[in-house]
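Inside the fold
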Amino acid sequence: MNQTSLICGSLAIDVIMQYEGRFGDTLLADQLHKVNVSFLVPTMRTEFGGCSGNIAYNLKLLGGDPRIVGVMGQDCAPYLERLQKLGIPTQNILIKKDAYNAQCFVTADSDNNQINAFHPGAMSFAHENNIEDAGPARLAIISPDGHLGMLKHADDLQRLNIPFIFDPGQQMPMFTPEQLISFIDKATYVTCNDYEIELLVDRTGLTLADIAHRLEALIVTRGEKGSQIYTKGTSIDIPAVQADAVLDPTGCGDAYRAGLLYGLTHDLGWETTGRLASLLGAIKIAHKGAQNHVLTKEEIAARFEKAFGYRYE
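Thresholds applied
- Residues numbered from 1 in each chain as written.
- Predicted model: local features only at pLDDT ≥ 70, side-chain atom pairs only at ≥ 80, totals over all residues.
- Heavy atoms only, no water.
- Salt bridge = Lys/Arg side-chain N within 4 Å of Asp/Glu carboxyl O.
- Buried < 20%, exposed > 50% of the residue type's maximum accessible area, 1.4 Å probe, protein only.
- Patch = residues over 30% accessible without salt bridge, like charges linked within 9 Å, V, L, I, M, F, W, Y side chains within 5 Å.
- Areas by Shrake-Rupley, 256 points an atom, 1.4 Å probe, with all protein chains shown as cover.
- Lys, Arg positive; Asp, Glu negative; His and termini not counted.
- Charge placed at Lys NZ, Arg CZ, Asp CG, Glu CD.
- Helix = DSSP H or I, 4+ residues; strand = E, 2+ residues; numbered from the N terminus.
- Expected span 1.5 Å × (residues − 1).
- Arc of directions from axis to C-beta.

Examining the pattern of salt bridges
Summed over all chains, the structure comprises 16 salt bridges. Between E305 and R311 there is a salt bridge, and its shortest N-O distance comes to 2.9 Å. Judged by its relative accessible area of 41%, R311 falls in the partly exposed class. Counted as one network, the salt bridges with shared partners bring together E132, K152, D156 and R159.

Quick look at a negative patch on the surface
Taken together, the side chains of D194, E198, D202 and E224 define an acidic patch exposed on the protein surface. Positionally, D202 belongs in helix 5 (residues 194-204). Given a relative accessible area of 61%, D202 falls into the exposed group.

Digging into unusual backbone geometry
Both trends apply: most residues other than glycine have a negative phi, and most peptide bonds are in trans. For N161, which is not glycine, the phi dihedral falls at a positive 60 degrees. Its place among the elements puts N161 in the loop between helix 3 (147-159) and strand 9 (164-166). N161 sits in the exposed class, given a relative accessible area of 68%. Of note, D267 is a non-glycine position whose phi angle comes to about 55 degrees, a positive value. The residue D267 is located in the loop between helix 7 (252-265) and helix 8 (270-285) in this model.

Thoughts on helix 9 (residues 297-308)
If you check helix 9, its first and last C-alpha atoms are 16 Å apart, about what 12 residues at 1.5 Å a residue would give, namely 16 Å. Turning to helix 9, its buried residues are I300, A301, F304 and F308. Here the buried residues of helix 9 occupy an arc of 100 degrees about the axis, which is enough to place them on one side. Looking one or two residues past helix 9, G309 carries a phi angle of roughly 85 degrees, positive in sign.

See below:
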């Protein structure tokens, strides 16, 4: 059975900085209309990232079959070499020689809140990368990418009858209410964190129940409170997994989404799929960087059994 997952989304270099204080102690609620602040960041590191890269990395750890549909720029060589060494196909990554890789500048505070600045670079040409060229797939995910590309990929996946997860993430403000509703209607699943679902409800005018009714499942992550899966008129509560440490939230959502893709393409059922996704997020947060946790699929299975008392394989 074809278990390939098409991973549509950004491929980026993350520049991650740590602020030792709390943003809330510096940002005054009644002065946000004239913000002029500077945060001292004693540590800085550069990491491979981007939503599609992060999702594919985690899915490969699980033993899944990711195929990235993304765009990179003239400075792509180190990232392409890394993906190839990991055994992740790169032939459906479009290279734009007149652009640079997307880059995300992340500043996190002591409460793990983040302020990000993102340069889209080559990602802006995502609409030039054709889904058809990636071949058949069991499932796809549209994660944050160039907004024209996200629109085109949704149309193409619907036309090709490939079910997909819509993961609007930080790109949600780029779309009109009508476009967001169209995404929901074309998608098979939608996943958001607790902030994003409130924004999606506000922008579309749909209730959470309305959104869930239009889908096979709506998945909402709620950080340390776990996650909820709304499907077939019911709500499934997925517990959070205790992390070994809380070092870096960057990429935790992408790790969770890799668990969703693996569970759906391997018919694990929603309870197990959600728990596997939760475990991946907990594993990721205990490591700095979005792609620096190194485990075999056997080690992940053992961690799952320890956390939940049964094996998912």
